[in-house]
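Summary of the model geometry
Single-letter residue listing:
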Amino acid sequence: MSATHRARIAEFEDLLAEDHISLEELRKLCFNGVPYESGIRPLCWKILLNYLPCKRLEWPVFLQKQRNLYRQFLCEMILQPGAAKVKQGIIREDVTFEDHPLNPNPDSQWASYFRDNEVLLQIDKDVRRLYPDMAFFQRATDFPCQLLRDPQHKSETLRKRVEQTTLQALSVGRTRIGVTNVMRPKKAVRSSMEEYAVLPDGQEAHWEVVERILFIFAKLNPGIAYVQGMNEIVGPIYYSFATDSSPEWREHAEADTFFCFTNLMSEIRDNFIKSLDDSQCGIGHNMQLVYSTLKERDLELYMRLQEQNIKPQFFAFRWLTLLLSQEFLLPDVLRIWDSLFSDTRRFDFLILVCSAMLMLIRDRMLQGDFAVNMRLLQDYPIPDVQPILKKATELRESS
């Protein structure tokens, strides 16, 4: 480790050890990349995503409250109809005699259970193929959910719920990403139900934890529920928290990830709502910002894309919606997100990163035909994100 790198780590550690952490200073440090050592990145992200307060003295009470709240979500939302549930020390049946699987009442708990299964099957399909080129998500977590093995909480794991269901659920009907995703760059492709080997009873893979986070989010946010691609947003956050050097932080990676993911989605959720695509806050507007930035900074390349009728939705839809999580390997995604989460104007920098990506392959695009250029955009050819971030920073400073 070089002296410069040690000094940088010390700079982060000194700032994070202060009683009142300066958010402005933290953003400046994180924008240039967070060192991986000593769990610095997970802690920085928790603050940047407005989860942890800047006053360290408030952390113990706040974290206990949030983690207890998440446990309550699990108690109330992952439960089979007809199963007994403990509430205030009293065991009661949650379903009346009249409420049964064939009950036509749309408000019955069985009807809700079947509707949830449709969403769950889509989540399960997506999380099973999350970063298939990495072994991490198929490994067993050291901290499986104890609640689901509690004899007082009669419920099955979501994985078993998917495996045992006989429903032939339809797609959720909100999957817009596939139309622009010709192939999954930098990642191997596996069949939907054979990605990960099933672990023995009592163990739980990391992908199952991600599945539970997304299911709880969908239950708590029925207006948006689950949309394909959210798995690509929660995955890097969970990976960062679940690989923290501190066992104490790792133990609560699931709850912390849930709240950080929820905060992040509150800022980018409009990208996932189809009815807002063409509004000022929707993904359509953001895609046009990429092209308007390119037109201002590189008119020749902009005109080339226009001549070939290469529309931003062919590539920028995925880039923007998924925060570039499908375009690069996970370590590089984490580095990009250091800068994105540090952006005081929240993801304005992402527009510049996308524009920089186009400019850095301008020579090839100016020479390529439509097919060649589409391949370049769908499978971005520059694996190193440092020149991209450097170019984006130059664009920001010159604006």
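The following paragraphs examine the structure supplied in this document. (Residues numbered from 1 in each chain as written. Predicted model: local features only at pLDDT ≥ 70, side-chain atom pairs only at ≥ 80, totals over all residues. Heavy atoms only, no water.)

What about the overall build of the protein?
Filter applied, for reference: Strands are runs of DSSP state E lasting at least two residues, helices are runs of H or I lasting at least four, and both sets are numbered from the N terminus onward. When accessible area is computed with a 1.4 Å probe and restricted to protein chains, residues below 20% of their type maximum are described as buried, those above 50% as exposed, and intermediate ones as partly exposed. By the convention used here, residues are in contact when the closest approach between their heavy atoms is within 4.5 Å. Each accessible area is a Shrake-Rupley result for a 1.4 Å probe, and residues are judged covered by the shown protein chains and nothing else.
Within the protein, the regular secondary structure consists of 18 helices and two strands. Looking at the 399 residues of the protein, the share that counts as buried comes to 53%. Look at the contacts in the protein between residues 6 or more apart in sequence, and 76% of them connect residues 24 or more apart. A total of about 18,700 Å² of accessible surface is found on the protein, and carbon and sulfur atoms cover 52% of it.

Things to note about the layout of surface pockets
Space left empty within the atom packing is revealed by a probe, the size of a water molecule, rolled over the atoms. Spelled out, the test is: A cavity, in this analysis, means grid points on a 1 Å lattice covering only the protein atoms where a 1.4 Å probe fits yet has no way out; a pocket is instead an open set bounded by protein on both sides within 12 Å along at least five of seven lines, and a residue lines either one if it has an atom within 4 Å of a point. Grid points are joined across faces, edges and corners, and a volume is the space filled by probe spheres set on the points. Amino acid classes used here: Ala, Val, Leu, Ile, Met, Phe, Trp, Tyr, Cys and Pro are nonpolar; Asp, Glu, Lys and Arg are charged; the rest, including Gly, are polar.
Quantified by volume, the largest pocket comes out at close to 760 Å³. Asp343, Arg346, Phe347, Asp348 and Phe349 are the residues nearest the centre of the largest pocket, which is lined by 32 residues in total. With six residues, the top contributor of residues to the lining of the largest pocket is helix α11 (residues 283-297). Counted by class, the lining of the largest pocket contains 13 nonpolar, seven polar and 12 charged residues. Put simply, the second largest pocket is a space of about 550 Å³. Taken together, 25 residues make up the lining of the second largest pocket; nearest its centre are Phe143, Pro144, Glu251, His252 and Glu254.

A few points about α11
Condition: Helix span, as expected, comes to 1.5 Å for every residue beyond the first.
Under the 1.5 Å per step criterion, the end-to-end length of α11 is 21 Å for 15 residues, consistent within 8% with the ideal 21 Å. Within the sequence span of α11, burial applies to Ile283, Gly284, Asn286, Met287, Val290, Tyr291, Thr293 and Leu294.

What to know about the packing of α11 against helix α12 (residues 299-307)
We apply this condition: Whenever a helix is involved, its axis is fitted only over the stretch in contact; in every case the axis is a line through C-alpha atoms, and angles between N-to-C directions fall within 0 to 180 degrees. Roughly parallel refers to an angle under 35 degrees, roughly antiparallel to one over 145, roughly perpendicular to one between 65 and 115, and oblique to any angle outside these ranges.
Following both chains from N to C, one finds α11 and α12 inclined at 130°, their axes separated by 6 Å at the closest point. The orientation of α11 relative to α12 falls into the category oblique. Contact residues: α11 offers Tyr291, Leu294, Lys295 and Arg297, while α12 offers Leu299, Leu301, Tyr302, Leu305 and Gln306. Partitioning the contact of α11 with α12 into residue classes produces six nonpolar, one polar and two charged.

A few points about unusual backbone geometry
Within the chain, Ala225 stands out as a residue other than glycine whose phi angle is a positive 55°. Looking at the secondary structure, you find Ala225 in the loop between α7 (206-220) and α8 (230-242). Take Ala225: its relative accessible area is 10%, and that puts it in the buried class. Although it is not a glycine, Phe347 sits at a positive phi angle of roughly 75°. Within the element layout of this structure, Phe347 appears in the loop between α14 (330-342) and α15 (348-359).

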